[in-house]
Amino acid sequence: FPLTGARSMYEPIHPLKFAGGLAPYYPLMRGAVKYFAANKGRKNICSMYQDTDYGKEVFEGISDEAKASVSSLPAWMPADAPPAAMPNRPAGTP
């Protein structure tokens, strides 16, 4: 059985699917962004993520919570993309 926190293991509900005992990635990342916004006063969140199903699920959690609790998500890119390919990077970054 897979040991994963991927939403695909418990959504949609099916008798042969289960979450492998790990906390789901999506709400974990939402909680991390919420924590930094509330406890550390962060107003902008940037993200670099793996360009895989795992990374996209993590990024969805970051992106959704950034929209809900911080002012912006000014920069993001897949980790394997060259820096020049980052269309949303802040001005002045290499």
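The present account deals with the structure reproduced in this document. (Residues numbered from 1 in each chain as written. Predicted model: local features only at pLDDT ≥ 70, side-chain atom pairs only at ≥ 80, totals over all residues. Heavy atoms only, no water.)

**Re the packing of aromatic side chains**
Part 1: By the definition in use, this model includes 3 aromatic pairs.
Part 2: With a centroid separation of 4.9 Å and an interplanar angle of 90°, the aromatic rings of tyrosine 25 and tyrosine 54 are classed as edge-to-face. With tyrosine 25 in helix α1 (residues 25-39) and tyrosine 54 in helix α2 (residues 53-69), this residue pair connects regions lying 29 residues apart in the sequence.
Part 3: Between the aromatic rings of tyrosine 35 and phenylalanine 36, the centroid separation amounts to 5.3 Å while the plane-to-plane angle is 80°, which identifies the pairing as edge-to-face. (Phe/Tyr/Trp six-rings, centres within 6.5 Å; stacked < 30°, edge-to-face > 60°. Helix = DSSP H or I, 4+ residues; strand = E, 2+ residues; numbered from the N terminus.)

**Structural notes on α2**
Part 1: End to end, α2 covers 24 Å across 17 residues, agreeing with the expected 24 Å (1.5 Å per residue, within 8%).
Part 2: Taken together, the buried residues of α2 touch α1, β1 (44-49) and β2 (72-78). (Expected span 1.5 Å × (residues − 1). Contact = heavy atoms within 4.5 Å.)

**Some remarks on the side chain of glutamate 65**
Part 1: Positionally, glutamate 65 belongs in helix α2.
Part 2: Relative accessible area serves as the criterion here: at 3%, glutamate 65 is assigned to the buried category.
Part 3: Those residues within four positions of glutamate 65 in sequence are excluded, and the remaining contacts are Arg30, Val33, Lys34 and Val70. (Buried < 20%, exposed > 50% of the residue type's maximum accessible area, 1.4 Å probe, protein only.)

**Focus: the pairing of β2**
Part 1: Bridge count for β1 against β2 is 5 bridges, and the pairing is parallel. The partner of tyrosine 49 across the bridge, within β2, is proline 78.
Part 2: Read from β1 through α2 to β2, the crossover connection turns out right-handed. (Pairing = 2+ DSSP bridges. Right-handed = clockwise from strand over helix to strand, strands pointing away.)

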